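Topology and contacts: notes
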Amino acid sequence: MLITGSAVLTLGTTADTSKAGNIWFDTTLNRMQYSYTGNAWSIGGALITARIYLAGAGTQNAGLAFGGQTPTVVSCTEEYSGTSWTAGGALITARQCLAGAGTQNAGLAFGGSPGYVTCTEAYNGTSWASCAPLITGRASLAGAGDSNSCALAFGGSTPTVVSCTEEYSVGSITISLWSTGGALITARQELAGAGTQNAGLAFGGSPATTCTEEYNGTSWSSGGALIAGRCGLAGAGTQNEALAFGGSIPFGTCTEEYNGSSWSSGGTLICGRRQLAGAGTQNAGLAFGGDPGISCTEEYDGSSWTAGGALAVSRYKLAGAGTQNAGLAIGGYQGPPSFSTLSCTEEYDGSSWAVGGALIRARQRLAGAGTQNAGLAFGGFGSGILSCTEAYDGTSWSTGGALSTARYSLAGAGDSNTCALAFGGAGLSCTEEYAGVIFECGWTAGGALITARQWLAGAGIQNAGLAFGGSPNGISCTEEYDGSSWAVGGALIVARQQLAGAGTQNAGLAFGGFYSVGLSCTEEYNGSAWSVGGTLAVSRYRLAGAGTQNAGLAFGGRLPSAILACTEEYTGPQVLTCTI
């Protein structure tokens, strides 16, 4: 036999599959064999509901299909196991021509029609939940992203064909969800606090008392008594390493240190005062402000106090938070001659105070918790007894939900603005716990596509996205997104629209679509250029895709005469053998 080209004739029963192609004589089977390496689509399990204009997400063995047209618009969701589809939770809003991103258990659906909708929904593996809407309602758009917390939406029609891009993110925000905790054993006001929500410490208070109580996240228990009973004092530190200083005796200088069971004397304040504020730890404490309307700041090193930078605004009945080198002074009351309730905030850097963002609600006799960049202010008095809570981000305060019980001269504890404790105040024993974090989803504007289009396909993630194909008229252009702007990439070999995509920016997959007729061709992207891949078994358009370049999934779509339910799976390089 004459062998031509680069094939190699060998004898034996096995092939050398390291080469692109091999021809050999199989002595066992007594025949010529030929092997080559290639990519191919194979038939997978059919969708339960045949449809077009659907969206997809996930991987080849954990795919997600949602929405579409049958020809009626549907909300149904299906999950792929690698062999078959099963029904999942239905979309809240039935739609077609939508886009998707994420995984089977963390999917994202956005946009679509009828009506060029803005609605976004997140899937948790069981059901869909509404999230913040797109800025621009549109249909026939494309999406990218490997989770439902970070995605990209681009292109589409409004019905005008658009180039706008939006980036989706999920960020934590603080909300004031106060819930009832265990009541103090001793009702009081003008007390001090330290510690955290699940390990809080309450001490002193009015009427002047020495009682100390420890909180375990559920209830209060008695701790070691203060040496000097007092009210209007300040506190810092933790439940087992606390600091109590100042207070009404009548203008106290005494400092006490707590070890988790008893108090011992520490170094005295330089400036005796009451109704002051404190921050920091037992060995790095901060005392500032106080009655009678003073601005002096002192720093504690575990044994003695030294003078620090003065507050810009003299005051008392204020609140404090943070650390010795990153303190926060919040609100308060200014004595003569102004006699005014304050909204001003100051930030301490370890040597001096600087003006920060003002409270929304001016107040005094309030409580504080958290850090300089994550502070919390709650309760107090200002044109009435207050329940309002505000959260500080290092620049400005934002409104949170109210305390269940409005009060003043209360105490607080907590090392963040997401988990705090409010207790006592106005002669009360009630305790409230501040709940942590919820998630809020939202879209922000990103860089516009260079070429406005609809019916395009997408792949990749938010900071490394890929857009290719689309309409009008079936185009071949590809663009790459870097998190802020799009740049031109290598053009598709076959111009088309209503195609599907999968993979990443440097390993993309484009398949199916329409240009005069329905297409079966597949192309693979390497970050700069497209190359020919294996053809779909069923030519189609208006389909959806998921997965990676070497493990792709194609499902749904249509032929001119039928809406399809068929699924195909794409495999990466594999050795195929045939008999000559």
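Structure shown above.
Read on for a plain summary of the structure. (Residues numbered from 1 in each chain as written. Predicted model: local features only at pLDDT ≥ 70, side-chain atom pairs only at ≥ 80, totals over all residues. Heavy atoms only, no water.)

A short note on the overall build of the protein chain
In terms of regular secondary structure, the protein chain is built from zero helices and 54 strands. Here the C-alpha radius of gyration of the protein chain, 34 Å, is well above what a compact globule of 580 residues would show, namely 25 Å. With the principal axes as the frame, the protein chain shows a C-alpha extent of 110 × 55 × 40 Å. At a minimum sequence separation of 6, the contacts of the protein chain that also span at least 24 residues come to 52%. Only carbon and sulfur atoms are counted for the fraction: they give 53% of the accessible area of the protein chain, which is about 21300 Å². Placing the 20 positive and 34 negative side-chain charges of the protein chain at their respective mean positions leaves the two points 8 Å apart. (Helix = DSSP H or I, 4+ residues; strand = E, 2+ residues; numbered from the N terminus. Rg over C-alpha atoms; globule rule 2.2 N^0.38 Å. Contact = heavy atoms within 4.5 Å. Areas by Shrake-Rupley, 256 points an atom, 1.4 Å probe, with all protein chains shown as cover. Lys, Arg positive; Asp, Glu negative; His and termini not counted. Charge placed at Lys NZ, Arg CZ, Asp CG, Glu CD.)

Considerations on the packing of aromatic side chains
With the rule as written, the count across this model stands at 27 aromatic pairs. Centre to centre, the rings of Trp41 and Tyr570 are 4.7 Å apart; their planes meet at 45°, and the pair counts as tilted. Of this pair, Trp41 sits in strand 3 (residues 31–44) while Tyr570 sits in strand 54 (residues 567–579), and the two are 529 residues apart along the sequence. Judged on exposure class, the residue Trp41 and its partner Tyr570 are both buried. Through a chain of ring-to-ring contacts, three or more aromatic side chains come together here, namely Trp41, Phe511 and Tyr570. (Phe/Tyr/Trp six-rings, centres within 6.5 Å; stacked < 30°, edge-to-face > 60°. Buried < 20%, exposed > 50% of the residue type's maximum accessible area, 1.4 Å probe, protein only.)

Observations regarding the sheet that holds strand 26 (residues 297–300)
Taken together, four strands build an open sheet; the order of strands is 24-25-26-27 and the sheet is antiparallel. Lying at the two open borders of the sheet, with one neighbouring strand each, are strand 24 (277–281) and strand 27 (305–308). Going across the sheet, the axis of each strand differs from the next one's by a mean of 20°, ignoring polarity. (Pairing = 2+ DSSP bridges. Axes fitted to C-alpha atoms, helices over the stretch in contact; angles between N-to-C directions.)

Side note on the pairing of strand 48 (residues 522–525)
Residues Thr522 and Glu524 line one face of strand 48 and the alternating positions Glu523 and Tyr525 line the opposite face, and both faces are buried. Direction of pairing for strand 45 (residues 508–511) relative to strand 48: antiparallel, over a ladder of four bridges. By the bridge assignment for strand 48, Ala510 is matched with Glu523. Taken together, the three bridges between strand 48 and strand 49 (residues 530–532) define a ladder with antiparallel strand orientation. Across the sheet, the residue bridging to Glu524 is Ser531, located in strand 49.

With respect to the sheet that holds strand 31 (residues 353–355)
Pairing is antiparallel in the open sheet, where four strands are placed in the order 28-29-30-31. The two strands at the open ends of the sheet, each matched to only one other strand, are strand 28 (319–323) and strand 31. Pairs of neighbouring strands in the sheet enclose a mean axial angle of 25°, with direction left out of account. Judged from the three bridges that link them, strand 30 (residues 340–348) and strand 31 form a sheet pairing that is antiparallel. The residue of strand 31 that forms the bridge with Glu346 is Val355.

Section: the state of the cysteines
As enumerated under the stated definition, the model contains zero disulfides in all. Here Cys296 stays unpaired: no disulfide links it, and the sulfur of Cys271, its closest cysteine neighbor, is 3.6 Å away. With a relative accessible area of 24%, Cys296 lands in the partly exposed category. With no disulfide partner, Cys477 has as its closest neighbouring cysteine sulfur the one in Cys164, 16 Å distant. The class of Cys477 is partly exposed, set by a relative accessible area of 23%. (Disulfide = S-S within 2.5 Å.)

This is a description of form; function is not addressed.
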